[in-house]
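For reference, the chains in residue letters:
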Amino acid sequence: MTDTKDYGALLLRVALALLFFAHAGLKIFVFTPAGTAQFFGSIGLPPALAYLVMLAEMAGGLALLTGLYARWVALALVPLMLGTIFIVHGANGFWFTAPGGGWEYPAFWTVALLVQFLIGDGAYALRPSVRRALAAA
């Protein structure tokens with residue numbers, strides 16, 4: 001029987017996926033990929049990195065949504081959020097309501113990704129964690 005913590009992990013996993021889809025969509029449909037690449041260049045990052053970030057947000061969001069290696073995908077997305085904190089929003093202060101957005105929100109998002117890694121894939125995962133699969137056997 002599925003424990004309620006598995007449903008909590010599912011809820012967290014879906015929420016994280018939707019956030020990554022929303023942010024990828026913002027970069028793709030509002031700022032455009034070329035505009036996002038230009039922004040990356042303006043802050044000293046290689047413009048091509050913007051395309052990798054958009055791909056990571058979409059692929060990571062899909063993996064989280066479906067539960068395909070969700071805990072490991074969550075861990076793999078942490079460096080993306082740390083880059084957001086230290087490169088994009090860090091100098092703007094703590095509060096995300098600051099001009100340019102502070103690092104409060106990306107920091108919380110980073111913690112949520114780490115929690116997902118720690119608690120596992122949750123209910124209805126396409127690829128449950130090895131530990132959970134072994135426990136069920």
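Residues numbered from 1 in each chain as written. Predicted model: local features only at pLDDT ≥ 70, side-chain atom pairs only at ≥ 80, totals over all residues. Heavy atoms only, no water.

Right, let's get into the packing of aromatic side chains. On inspection of all chains with the given rule, the structure shows eight aromatic pairs. Ring geometry for phenylalanine 20 versus tryptophan 109: centroids 4.7 Å apart, planes at 45°, classification tilted. Linking phenylalanine 20 in helix H1 (residues 4–30) with tryptophan 109 in helix H5 (residues 104–119), this pair joins segments that are 89 residues apart in sequence. Using a relative accessible area of 0% as the deciding quantity, one classes phenylalanine 20 as buried. Their ring planes at 75° and their centres at 4.8 Å tell us that phenylalanine 94 and tryptophan 95 sit as a pair that is edge-to-face. The class of tryptophan 95 is exposed, set by a relative accessible area of 55%. (Phe/Tyr/Trp six-rings, centres within 6.5 Å; stacked < 30°, edge-to-face > 60°. Helix = DSSP H or I, 4+ residues; strand = E, 2+ residues; numbered from the N terminus. Buried < 20%, exposed > 50% of the residue type's maximum accessible area, 1.4 Å probe, protein only.)

Under the defined criterion, the tally for this structure stands at one salt bridge. Here glutamate 57 ties to lysine 27 by a salt bridge, and the two come within 2.9 Å at their closest N and O atoms. Separated by 30 residues along the polypeptide, glutamate 57 in helix H3 (residues 48–66) and lysine 27 in helix H1 bring together distant segments of the chain. For lysine 27, a relative accessible area of 15% puts it in the buried group. (Salt bridge = Lys/Arg side-chain N within 4 Å of Asp/Glu carboxyl O.)

Glancing now at the environment of leucine 19. Mapped onto the elements, leucine 19 comes out in helix H1. Residues leucine 19 and alanine 91 lie 72 residues apart in sequence; the distance between their C-alpha atoms is 23 Å. If we ignore the near neighbours within four places in the chain, the residues touching leucine 19 are Tyr105 and Trp109. (Contact = heavy atoms within 4.5 Å.)

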